[in-house]
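Coordinate analysis (summary)
Below are the chains, spelled out letter by letter.
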Amino acid sequence: MNTNQTLSLTVNGVEYTREVPARMNLVDFLRNELHLTGSHVGCEHGVCGACTVLVDGLSVRGCLMFALQAQDCHVTTIEGLADKDGALSPLQAAFHDQHGLQCGFCTPGMLMTLQELLNEGITPTEDELRERLSGNLCRCTGYEGIVKAALQVLQSQSNAESAP
Amino acid sequence: MEEALRLLNETEEACVLAGGQSLVPLMNFRLAAPKNLIDLNLIPELNHMAQVGQNIHIGAMTRQRSLEYSPLIREHLPVLQSALIQVGHRQTRNRGTIGGSLCHLDPSAELVAICALTDAVMHSLSLQGRRQIPASDWAIGLMTNALQPGEILEYIAIPIDAPSHGHAYIEYARRHGDFAIVAVGTRLWLDHNERIAKASIVLSGISAGPVRLKNAEVALIGATGSQSTWQAAAELAQQTPAMQDEQITAEYRQHLARVLSYRSLESAHQMALRTKRASA
Amino acid sequence: MRSPSVGHSSPRVEDHALLRGRGQFVDDIQIPGTLHLAFVRSPHAHARIASIDTMAAQSLSGVVHVWTIDDLPRGLQDHPIPLVHPNPAIKQGFLPYVLAKGEVHYVGEPIVVVVADSRARAEDAAELVLIDYEVLPAISDCKDAIEEGAVLCHTQASSNIAARVPFSYGNTAQAFDDAHLVVKESFFQHRGGSFFMECRAGLAQYDSHLDQYTVHLGTQVPHQMKRFYMDMLELGDQQIRVIAPDVGGGFGSKAPFYAEYALLPLLAKATGKPVKWIEDRFENFTSTFQERDQYWDMELALDVNGMILGVQGRLLHDSGAYLPRGLIVQWISATTVPGPYVVPAFQMEMISVLTNRVPTSAVRGAGRPQAIFAMERLLDRAAQSLGIDRAEIRRRNFIQPEQMPYKVGLIYRDGKPVTYDSGDYPGSQDMALKHIDYESFKIEQAKALASGRHIGIGLANYVEGTGLGPYEAVTIRISTTGRVFLYTGAAPQGQSHHTTLAQIAADQLGIDPALITVVTGDTAAVAMGVGTFAARTAVNAGSSAHLAALAVREKIIKIAAAMMEVPEEDLELEDGFVFVRGAKELRKSFREVAIIAGGVPGFSLPDGVSAGLEHLSTFSPKQSTYSNGTHAAIVEVDIETGHVKILRYVVVHDCGRVINPKIVHGQVIGGVAHGIGNAFYEHMRYDRQGQPLTTHFGDYLLPMASDMPPIEVLHMTSLSPLNPLGIKGAGEGGTLPAAATLISAVEDALRPYGVKINESPLSPMKVVSLLGVHALGKSHLPRVQAQEPVL
């Protein structure tokens, strides 16, 4: 398990090739090898969701995937959400409007889980939305601001779609 | 697969890696420490769903997410989808596999219960050849499956020749996506007089492996389906021997088996009546 | 003129970095060459250490050091971690050593530290450390621990009682003699842990040229941590800098000085490299301080009209194996019991008990939720016995607004008599009950019951001592570049201080709050400080920010008046300039004023003006200021599974002047989430041998988004007379009465079955067991049909 193997993948649109130990998990790789410290480690047993990233568009627990398993994959992290010029994505902006974060530690995971939802183009009810968020724990906000932010963005997304 | 089997045989302290949602937490806690992992995610043949004769074949590495969205499953095994949406969370279903869940054998695993409910047959492969293990023989102990060393689960075959008229998978969990404390899965078939022709009932979470409530299944044959029918079956469910642990008593598990059996049967029956009448 | 910022929901400045993934939590600070710590921790709740063999661990490649207590400086071998709140009532105040010395007293206690080039390798080495234990009997439940002949938590102790403290005033003997009704109940209260999303973390660096240490700690109290380092490592003030960077939640458990922290600077110096420790979640479950168990035996004496005559009882508090935090939580519990009610006579004995479990210390609410639970449940019982409505019995006993300031008769944790300063307790309850339609609920409840649904309503009131002193330092400095800085000892873990303190200062300086750079949690930025905990920052730092900004404002005016040779009364401040009212072109910029204030050779400062356009304020409140509120909730109980669903939750919240409504709202909602956890979900379990049974998030349940009800928050504003802006603390009000409210509602829903609930957290399994045969619901085979063959 201490042997190194070659990993090539794309993260936030940038290609990387690195030698990594087999036992290194994806979130540790992103944080410690690529210095993308936006994704956080909260529990290492796949419950809290702080390490959630998108792998080929699907939300996964970064602590439960080995880095090598992301071979040739496209990974998106929180650092990939804002525009190249730094402008916040609509989802990030909604979090700011609706006070969707306090300490900010769970926020990257929340954003990636919600980004996957937004990418699906569906309009869940609030109950369905809360169920989608149940894989991400927050200890500060009580979730209200996060849900409001998600609803705000979903609403404007569906307005945009139905606009003539 | 040949390479995977060869590696499994030849490599010291090796384990297969499926979705990782059960194995990797154990490794992160250092409760499991295999020296080598054989990554089945790289074997495309293991990830498929197809109708083969009177069965649906599901490759062991089929992602739970794929099952959740599959039109094939929706048409032929809707009870599996009813159970699946209660499994973990989106993130775990994106990576988790049916094979991984079956092999890990958590007492509350929905997919394990569904395989028992639908009389699935597990097909394994080893360097010595193939083996078929019926669902009733799959769990041989707490979190211990019937695979021999050197065997890999290849696919699961679920019969679909006689679709049920009604089904339900009712579980009680503390929070959304939690492991169920107890769950009851039901399939009902009605005859032309709307009496119960056949019933399958599985209890999950009550002991190491899922338990088919055979005595209740037999007793239901010919019944019209009423409150007292369900009450009697529920009483039988409550008599199933149950696990006891530090957090949950056997008594509470048995109690849940009773109340959830009632709900599961009532719900499956309502669906069965609707289906029967709609097709009439 | 710029409109005031205080009272407005100014957008959060903290969001810019955090939303982009550019937070700087301790583990985000990555310095090449950093070494990592892992610990060998006791697997036994109680054991003597016979021998430790670190040879195999040391020889693993990548391992730099493997230390036991014998490798530490003499001072740390001889002296345990100092007690933070000495109290003469503590008779057996055992304190932990940095690394276990001879005997271990809880599962998770650190024994050996391994330093290696990666955390993974450090853990590999930790597995190779061989420790010979002589396992000793352990005492786990505090109720068992006080029995005669109980197993001793510490072998050299005379008993398991760390402290016994009496609290009393008035004549309880008379009260109970005169009583028309005495309600007697026993309550079990359990609160779990803080379970912040970011685990504990520390990073230390040693600069050998300057002989200085810099320690980044995920702490709520960097200045206090600095003092510990100075004491324990014998350092001078300028030798140690503690910085709390971004901190991912604290909730009380990041306030203590933990053993692991001591090793960071020591090892940084010993290795010459930066040294980092990131707690993993398993360590968090087993070695971060928690709250845990309290057993309350209580009696309430009332007259025939339901007026309280007296309260008496005993509180058993599980302290865990050590008392590094003294008696804070237990003390607060005992003194919170009277709450918003007139209690003429009071007597409590509080017993702090040693058990072989991880030590306990304050977790959001800090002992108040348990006291509120006891008092509110007693009132519910009294109401039932006397046939008085639950809201009415409370109404009859409230302290009235006209009675403020109201001396309760007890001494609070701040050493001062508990004196409620302001608040409208009856008004708060009325508002909550009106909003939730309490009066008409009975009709709705009857209808629901007729259709087989069990709904219930509950309520509870609270008073909370907040704004704990003695001060929080704030320096406001306008630098010679014209930029405005606010430096403070406050150390947020999500409370938005960077936004709110800037708002307060901005109002006095007449500028946009976004232009004030707030620096928190850095002992180099401001020399003294206390930290962020106990809902104290808005009061203390807020007041200091206000006073410092006011002082700087006055300085600007004085200096500018001298510079422009105009009367001071003619000057105003706006957007970084000081100008003559009505003649805006006659002005000076902050920068120009600051340069003069900083000293221009030959230019005298006006009389009475000290150098530097800055001011340090350490506003010290005379006593705590008391927030209050009321919660009301409607729940539905599934009697067959025991599951409780919260249908509606109403909060009336009075925290005096609100600086930023959105932020206060967020604190309330977040607090309610903790309260819901306390009521139904969070239980840290141990077995009889002191082995922790809930050690991961699958077993220890935190509320999820799908568990939260809709919450309606209403505000009242009773300004505090104790600080310039009338501020009271807002961080815990959402939590305090939640368990009491929810359990009251569940009991109300199950009233048809006469169920009595005296505990929380309340599990569905417990609900079913309390319901007995009623829990069978629809699946119950009615007796009359049982004789007939059904199938």
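This one's a predicted model, so the numbers in the text were calculated from it and none came from an experiment. (Residues numbered from 1 in each chain as written. Chains lettered and ligands numbered in written order. Predicted model: local features only at pLDDT ≥ 70, side-chain atom pairs only at ≥ 80, totals over all residues. Heavy atoms only, no water.)

**Some points on the overall build of chain C**
Scanning chain C from N- to C-terminus turns up 21 helices and 29 strands. The contacts of chain C with a sequence gap of at least 6 include a subset with a gap of at least 24, amounting to 80%. With an accessible surface of roughly 27000 Å², chain C has 52% of that area assigned to carbon and sulfur atoms. Looking at chain C, you have 67 positive and 84 negative side-chain charges, and the mean spots of the two groups are 2 Å apart. (Helix = DSSP H or I, 4+ residues; strand = E, 2+ residues; numbered from the N terminus. Contact = heavy atoms within 4.5 Å. Areas by Shrake-Rupley, 256 points an atom, 1.4 Å probe, with all protein chains shown as cover. Lys, Arg positive; Asp, Glu negative; His and termini not counted. Charge placed at Lys NZ, Arg CZ, Asp CG, Glu CD.)

**Quick notes on the pattern of salt bridges**
All names here are of chain C. In this structure the tally under the stated criterion is 71 salt bridges over all chains. Between R381 and E185 there is a salt bridge whose closest N-O contact spans 3.0 Å. Taken together, the positions of R381 in helix 11 (residues 368-386) and E185 in strand 8 (residues 181-191) put the pair 196 residues apart, joining distant regions of the chain. R200 is the partner of E279 in a salt bridge, and the nearest nitrogen-oxygen pair spans 2.9 Å. Taken together, the residues span a long stretch of sequence, with E279 in the loop between strand 12 (275-278) and helix 9 (281-287) and R200 in the loop between strand 8 and strand 9 (201-207) at a distance of 79 residues. One exposure class covers both E279 and R200, and it is buried. (Salt bridge = Lys/Arg side-chain N within 4 Å of Asp/Glu carboxyl O. Buried < 20%, exposed > 50% of the residue type's maximum accessible area, 1.4 Å probe, protein only.)

**Regarding the packing of aromatic side chains**
The description of an aromatic ring pair rests on the distance of the ring centres and on the angle between the ring planes. Counted according to the given criterion, the structure contains 25 aromatic pairs over all chains. Ring centres of Y258 of chain C and F289 of chain C lie 4.5 Å apart, and the angle between their planes is 50°; on these two criteria the pair is classed as tilted. Note that Y258 of chain C is positioned in the loop between strand 11 (240-243) and helix 8 (259-271) and F289 of chain C in the loop between helix 9 and strand 13 (292-302), a separation of 31 residues in sequence. On the basis of relative accessibility, which here comes to 2%, the residue Y258 of chain C falls in the buried class. Among the aromatic residues, those joined into a cluster by ring pairs are F228, Y229, F257, Y258, Y261 and F289 of chain C. In this structure, K198 of chain B is placed above the aromatic ring of W189 of chain B, and the distance from its NZ or CZ to the ring centre is 4.5 Å. Over the aromatic face of F577 of chain C sits the side chain of R587 of chain C, whose NZ or CZ is 3.7 Å from the ring centroid. (Phe/Tyr/Trp six-rings, centres within 6.5 Å; stacked < 30°, edge-to-face > 60°. Lys NZ or Arg CZ within 6 Å of the ring centre and 35° of its normal.)

**Side note on empty space enclosed by the protein**
All names here are of chain C. What the rule picks out here adds up to 10 cavities of 30 Å³ or more. Put simply, the largest cavity is a space of about 680 Å³. The wall of the largest cavity is formed by 44 residues, among which Q495, T532, A535, Q667 and G731 lie closest to the centre. Only helix 10 (328-336), helix 15 (497-509), helix 16 (537-564) and helix 18 (661-681) provide two or more residues apiece to the lining of the largest cavity. Two domains share the lining of the largest cavity, each providing at least three of its residues, namely domain 1 (398-462 + 626-775) and domain 2 (469-617). A volume near 120 Å³ is recorded for the second largest cavity. Considering the residues around the second largest cavity, the lining is formed by 16 residues, among which I81, P96, Y106, A259 and F289 are closest to the centre. Residues of the lining of the second largest cavity, tallied by class, amount to 12 nonpolar, 1 polar and 3 charged. (1 Å grid on protein atoms, 1.4 Å probe; cavity = no way out; pocket = protein on both sides within 12 Å on 5 of 7 lines; lining within 4 Å. Points joined across faces, edges and corners; volume = space filled by probe spheres on them. Domains from an automatic or database assignment. Nonpolar A, V, L, I, M, F, W, Y, C, P; charged D, E, K, R; others polar.)

**Points about a nonpolar patch on the surface**
Residues I595, V600 and F603 of chain C make up a contiguous nonpolar surface patch of about 210 Å² in total accessible area. Checked against the element boundaries, V600 of chain C lands in the loop between helix 17 (590-598) and strand 25 (614-617). (Patch = residues over 30% accessible without salt bridge, like charges linked within 9 Å, V, L, I, M, F, W, Y side chains within 5 Å.)

**Describing the sheet that holds strand 12 (residues 196-204) of chain B**
All names here are of chain B. A sheet is described by the order of its strands in space; here 4 strands give the open sequence 10-11-12-13, paired in antiparallel fashion. Two strands lie at the open edges of the sheet, namely strand 10 (166-172) and strand 13 (211-212), each paired on one side alone. Its contacts with the sheet put helix 8 (residues 110-117) on strand 10, strand 11 (182-190), strand 12 and strand 13, and the angle it makes with strand 12 is roughly 150°. Sheet strands in contact with helix 11 (residues 250-279) are strand 10, strand 11 and strand 12, and its direction is about 30° off that of strand 11. (Pairing = 2+ DSSP bridges. Axes fitted to C-alpha atoms, helices over the stretch in contact; angles between N-to-C directions.)

**A few points about unusual backbone geometry**
Each neighbour pair has its own omega, and for M404 of chain C with P405 of chain C the value is -5°, a cis peptide bond. With respect to the helices, strands and loops of the structure, P405 of chain C is situated in the loop between helix 12 (390-397) and strand 16 (406-411). Going from G469 of chain C to P470 of chain C, the amide bond is cis rather than trans, its omega being 0°. Among the structural elements, P470 of chain C can be located in the loop between strand 18 (454-466) and strand 19 (474-478). Located in the positive-phi region is D72 of chain A, a residue other than glycine, with phi close to 65°.

**Brief notes about the side chain of D178 of chain B**
Residue and element names in this part refer to chain B. Of note, D178 is situated in the loop between strand 10 and strand 11. Judged by relative accessible area, D178 falls into the buried class, the value being 12%. Among the polar contacts listed, one links the side chain of D178 to the side chain of R175, at a separation of 2.9 Å. (Polar contact = N/O pair within 3.5 Å; in protein donor to acceptor, adjacent residues only side chain to side chain.)

**Structural notes on a negative patch on the surface**
Residues and elements named next belong to chain C. Residues E554, E568, E569 and D570 make up a contiguous surface patch of negative charge. On the secondary structure map, D570 appears in the loop between helix 16 and strand 22 (571-574). Classification of D570 by relative accessible area gives partly exposed; the value is 31%.

**Focus on the interface of chain A and chain B**
Each partner contributes to the interface: chain A provides 23 residues, whereas chain B provides 25 residues. When chain A packs against chain B, close to 1900 Å² is buried across both sides, 54% of that on carbon and sulfur atoms. Where chain A packs against chain B, one counts 1 salt bridge. Note that R90 of chain B and E120 of chain A form a salt bridge whose closest N and O atoms lie 3.0 Å from each other. (Buried area = accessible area lost by both parts, 1.4 Å probe.)

**Notes on the domain arrangement of chain A**
The parts lose accessible area when they come together, and the size of an interface is often stated as this lost area. All names here are of chain A. For chain A, the domain assignment lists domain 1 (4-80) and domain 2 (90-159). On a C-alpha basis, the centres of domain 1 and domain 2 stand 22 Å from each other. The partner domain 2 presents 14 residues to the 19 residues of domain 1 that form the contact. Each partner contributes to the roughly 1200 Å² buried at the junction of domain 1 and domain 2, and carbon and sulfur atoms together form 61% of this total. It is H40, L54 and I78 in domain 1 that bury the most area against domain 2; as a group they hold 39% of the surface buried on that side. Inspection of the region where domain 1 meets domain 2 yields 0 salt bridges. For the interface between domain 1 and domain 2, the tally reads 5 residue pairs in polar contact (both at pLDDT 80 or more). Elements that contribute at least two residues to the side of domain 1 that touches domain 2 include exactly strand 3 (52-55) and strand 4 (58-61).

**Digging into the interface of chain A and chain C**
At the interface, 43 residues of chain A touch 50 residues of chain C. Here chain A meets chain C over a buried area of about 3900 Å², counting both sides, of which 56% is carbon and sulfur. Of all residues in chain A, H96, H99 and R139 of chain A give up the largest surface area on contact with chain C, accounting jointly for 21% of the area buried on that side. Here chain A is connected to chain C by 4 salt bridges. The interface formed by chain A and chain C contains 22 residue pairs in polar contact (both at pLDDT 80 or more). Looking at the side of chain A that touches chain C, the elements that each hand over two or more residues are helix 1 (26-33), helix 2 (90-97), helix 3 (107-120) and helix 4 (126-132) of chain A. Here the element with the most residues in the side of chain A that touches chain C is helix 2 of chain A; it accounts for 4 residues. Of the residues in the side of chain A that touches chain C, the class split is 16 nonpolar, 18 polar and 9 charged.

**Some remarks on the side chain of S779 of chain C**
Mapping S779 of chain C onto the fold places it in the loop between helix 20 (764-771) and helix 21 (783-786). Accessibility expressed as a relative area gives 0% for S779 of chain C, which makes it buried. Here L776 of chain C takes part through its backbone oxygen, which lies 2.8 Å from a polar atom of the side chain of S779 of chain C. Among all residues touching S779 of chain C, those that are not within four sequence positions of it are Q231, A234, R258, V259 and Y262 of chain B together with E640 of chain C.

**Things to note about helix 7 (residues 222-233) of chain C**
Residue and element names in this part refer to chain C. Look at helix 7: 16 Å from first C-alpha to last across 12 residues, which is about the 16 Å you get at 1.5 Å a residue. Counted residue by residue, helix 7 has 9 buried out of 12 residues, so it is predominantly covered. Listed in full, the buried residues belonging to helix 7 are P222, H223, Q224, M225, K226, F228, Y229, M232 and L233. Taken together, the buried residues of helix 7 touch helix 3 (74-78), strand 10 (212-217), strand 11 and helix 8. A positive phi of about 55° marks E234, the residue just after helix 7. (Expected span 1.5 Å × (residues − 1).)

**Some remarks on the environment of V20 of chain A**
All names here are of chain A. In this structure, V20 sits in strand 2 (residues 14-21). Note on V20: relative accessible area 0%, which makes it buried. For the pair formed by V20 and G104, sequence separation is 84 residues and the distance between their alpha carbons is 29 Å. Apart from residues lying up to four places away in sequence, V20 is in contact with T3, N4, Q5, L7, F29, A67 and L68.

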